[in-house]
Amino acid sequence: MPQYKLDYLDLLEAESIHIMREVAGQFDRPALLFSGGKDSITLVQLALKAFKPGKIPFPLVHIDTGHNFPEALEYRDRVAAQTGAKLIVRKVEDTIRARGLKEPIGKFASRNALQSYTLLDTIEEFGFDACIGGARRDEEKARAKERIFSVRDEFGQWDPKKQRPELWNLYNGMIAKGENVRVFPISNWVELDVWNYIKREGIELPSIYFTHEREVIVHQEHLVALSPFIRLDEDDVILKKNVRYRTVGDMTCTAAVESTASSIDDIIAEINKTNISERGETRIDDQVSEAAMEDRKKNGYF
């Protein structure tokens, strides 16, 4: 009888599907955080496989800063329509008005830090007890401190010293009233795994992941796209470059990379040649301090 040998993508997929099903089995009101970026796109594909032939049994939730790339928003809406999943969008701008928060100022006035308030308000509004996110351990060093089931207290805060053991792929979803769990099904994946999986599955992506011409300025060796959300200085020089995005965040804090990659094979070849993480190369907000990500996570960031 012929034997089928699992490759490494099969093993990663199986683990992630197991985690998705654990979430559905252990929690009453889970949600999947969906931005239209490649990692959350991978989560949607995994969820579709985990619950096939049924629909995804939890909503897609997007915390919209108002500074998103239009291509990502269009893709987000299209995926929700194609999958039949419920899409919940909550806007940081509404939170700023409702809570009287101070709008960030400066050249790159990012609302990223304010996302936490909107996310926590959304969790409370819908009573979500688990939020599935696309974090990977190779993204940023604070990510590597988290478990796959990452418990947050009643204030939405994360304590890296209070992580639960997860031996033998056993996940403890027991929480007290008011607590919440952030779940990371692709925590054991790296960027290259995501791209190889996207290639294998034939997953469609937003166009900004592939090379295109865009007007940019150079800021601390980063190529930042022109947008209504950044403030140009007199000495800024506007250039036209062929670029693509390794990660899709806000237009105020996500830099492009020069690239001629027009296919997934081209992207995979580029990643194989670099020794810089995607966040290290393209996320301006992570350059604020060495603990920038960890500080945001402790305050409720996903």
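This text goes with the structure placed above it.
Numbers given to residues run from 1 along each chain, matching the order in which its sequence is written. Since the coordinates come from a predicted model, pLDDT governs what is reported: local features require at least 70, and pairs of side-chain atoms require 80 or more to be given and counted, while whole-chain, interface and lining totals use all residues. Working from all heavy atoms in the structure, the side-chain values ignore hydrogens and water.

Draft legend 1. Representation of the overall build of the protein chain in the model. Secondary structure assignment for the protein chain yields nine helices and ten strands. Burial here depends on accessible area, computed with a 1.4 Å probe over protein chains only, as a share of the maximum for the residue type. Under 20% is buried, over 50% is exposed, and the range in between is partly exposed. For the protein chain, buried positions account for 53% of its 302 residues. Note on contacts: a residue pair is in contact if any heavy atoms of the two residues lie within 4.5 Å. Restricting the contact set of the protein chain to residue pairs at least 6 apart, pairs at least 24 apart contribute 74%. In DSSP terms, a helix is any run of H or I states spanning at least four residues, a strand is any run of E spanning at least two, and both are numbered starting from the N terminus.

Draft legend 2. Molecular detail of the nonpolar core. Counting residues in hydrophobic clusters, the biggest one holds 56 residues, and the most contacted among them are Met20, Leu32, Phe149, Val183 and Trp195. Bear in mind that the domain bounds are from an automatic or database domain assignment. Taken domain by domain, this core gets at least three of its residues from each of domain 1 (8-192 + 291-298) and domain 2 (206-287). The residues touching Phe149, leaving out its near neighbours within four places in the chain, are Ile19, Glu22, Val23, Gln26, Phe27, Glu166, Tyr171, Asn172, Gly173, Val181, Arg182 and Val183. If you look at the next biggest cluster of nonpolar residues, it comprises 13 residues, including Ile88, Leu119, Ile123 and Phe128. Residues grouped as a nonpolar core are buried Ala, Val, Leu, Ile, Met, Phe, Trp, Tyr and Cys residues, joined through side-chain atoms within 4.5 Å.

Draft legend 3. Layout of a nonpolar patch on the surface. Within the patch definition used here, like charges are joined within 9 Å and nonpolar side chains (Val, Leu, Ile, Met, Phe, Trp, Tyr) within 5 Å, considering only residues with over 30% relative accessible area and no salt bridge. Accessible surface is estimated by sampling points in the Shrake-Rupley manner with a 1.4 Å probe; for residues, cover comes only from the protein chains shown. What makes a salt bridge here is a side-chain nitrogen of Lys or Arg within 4 Å of a carboxyl oxygen of Asp or Glu, nothing more. A cluster of nonpolar side chains, namely Leu167, Trp168 and Leu170, defines an oily patch on the protein surface of about 420 Å² accessible area. Mapping Trp168 onto the fold places it in the loop between β5 (149-152) and β6 (180-183). Taking the relative accessible area as the measure of exposure, Trp168 reaches 74% and is therefore exposed.

Draft legend 4. Examining the pairing of strand β1 (residues 30-33) more closely. Burial along β1 is two-sided: the face carrying Pro30 and Leu32 and the face carrying Ala31 and Leu33 are both buried. By this definition, two strands are paired if DSSP reports at least two bridges between them. Where β1 lies against strand β4 (residues 130-132), three bridges are found, and the strand directions are parallel. Following the sheet pairing, Ala31 is matched in β4 by Cys131. Across two bridges, the pairing between β1 and strand β2 (residues 60-64) is parallel. Paired with Leu32 across the two strands is Leu60, which belongs to β2. Here the term right-handed applies to a crossover when the path leading from its first strand over the helix to its second strand runs clockwise, the strands being oriented away from the viewer. Taken together, β1, helix α2 (residues 38-50) and β2 form a β-α-β motif whose crossover is right-handed.

Draft legend 5. A look at the sheet that holds strand β8 (residues 222-225). Pairing in this open sheet of four strands is antiparallel, and the strands run β8-β7-β9-β10 from one edge to the other. Two strands in the sheet have a free side with no partner beyond their single neighbour: β8 and β10 (257-258). Bridging between strand β7 (residues 212-219) and β8 involves four bridges; their strand directions are antiparallel. Opposite His219, over in β8, you have His222 as the bridge partner.

Draft legend 6. A look at the packing of helix α1 (residues 8-26) against α2. Comment: axis = line fitted to C-alpha atoms, over the contacting stretch for helices; angle = value between 0 and 180 degrees taken between N-to-C directions. Relative to each other, α1 and α2 sit at 75 degrees, their axes nearing to 9 Å. With respect to their mutual orientation, α1 and α2 come out roughly perpendicular. Residues Glu13, Ser16, Ile17, Met20 and Arg21 of α1 pack against Leu43, Leu46, Ala47, Lys49 and Ala50 of α2. Here the nonpolar group is Ala, Val, Leu, Ile, Met, Phe, Trp, Tyr, Cys and Pro; Asp, Glu, Lys and Arg are the charged ones; every other residue, Gly included, is treated as polar. Its residues assigned to classes, the contact of α1 with α2 comprises six nonpolar, one polar and three charged. The labels follow the angle: roughly parallel below 35 degrees, roughly antiparallel above 145, roughly perpendicular from 65 to 115, and oblique for the rest.

Draft legend 7. How the structure looks around the packing of helix α6 (residues 191-201) against helix α7 (residues 264-273). The N-to-C vectors of α6 and α7 enclose an angle of 165 degrees; their axes lie 10 Å apart at closest approach. Considering their axes alone, α6 and α7 lie roughly antiparallel with respect to each other. In this structure, α6 crosses over α7, and the sense of that crossing is left-handed. Residue-level inspection shows Glu191, Leu192, Trp195, Asn196, Ile198 and Lys199 of α6 in contact with α7, the latter providing Ile264, Asp265, Ile267, Ile268, Ile271 and Asn272. Taken together, the residues of the contact of α6 with α7 break down into seven nonpolar, two polar and three charged. Throughout, a crossing is termed right-handed when the near helix is turned clockwise from the far one, and left-handed when it is turned anticlockwise from it by less than a right angle.

Draft legend 8. Representation of the environment of Gly37 in the model. Mapped onto the elements, Gly37 comes out in the loop between β1 and α2. Given a relative accessible area of 6%, Gly37 falls into the buried group. Separated by 169 residues in sequence, Gly37 and Pro206 have C-alpha atoms that sit 7.9 Å apart. The contact partners of Gly37, leaving out residues within four places of it in the chain, are Tyr209 and Val248.

Draft legend 9. Here's a closer look at the pattern of salt bridges. According to the stated counting rule, one finds 26 salt bridges in the structure shown. For Arg152, the salt bridge identified is with Glu146, shortest N-O distance 2.8 Å. Each of the two residues, Arg152 as well as Glu146, counts as buried. In this structure, Asp265 and Lys199 form a salt bridge, with 2.7 Å as the shortest nitrogen-oxygen distance. Of the two residues, Asp265 is situated in helix α7 and Lys199 in helix α6; the sequence distance between them amounts to 66 residues. On the accessibility criterion, Asp265 (45% relative accessible area) is partly exposed. Sharing partners across several salt bridges, the network here consists of Asp7, Asp10, Glu13, Lys49, Arg200 and Glu201.

Draft legend 10. Spatial organisation of the sheet that holds β4. Spatial ordering of the open sheet is given by β3-β2-β1-β4-β6-β5, a layout of six strands whose pairing is mixed. If you trace the sheet from one side to the other, it starts and ends with β3 (87-91) and β5, each paired once. Adjacent strand axes in the sheet meet at a mean angle of 30 degrees, parallel and antiparallel pairs treated alike. Along the sheet, α2 makes contact with β1, β2 and β4, crossing β1 at roughly 135 degrees. Set on the sheet, helix α5 (residues 115-126) makes contact with β1, β2, β3, β4 and β6; between it and β3 the angle comes to about 135 degrees.

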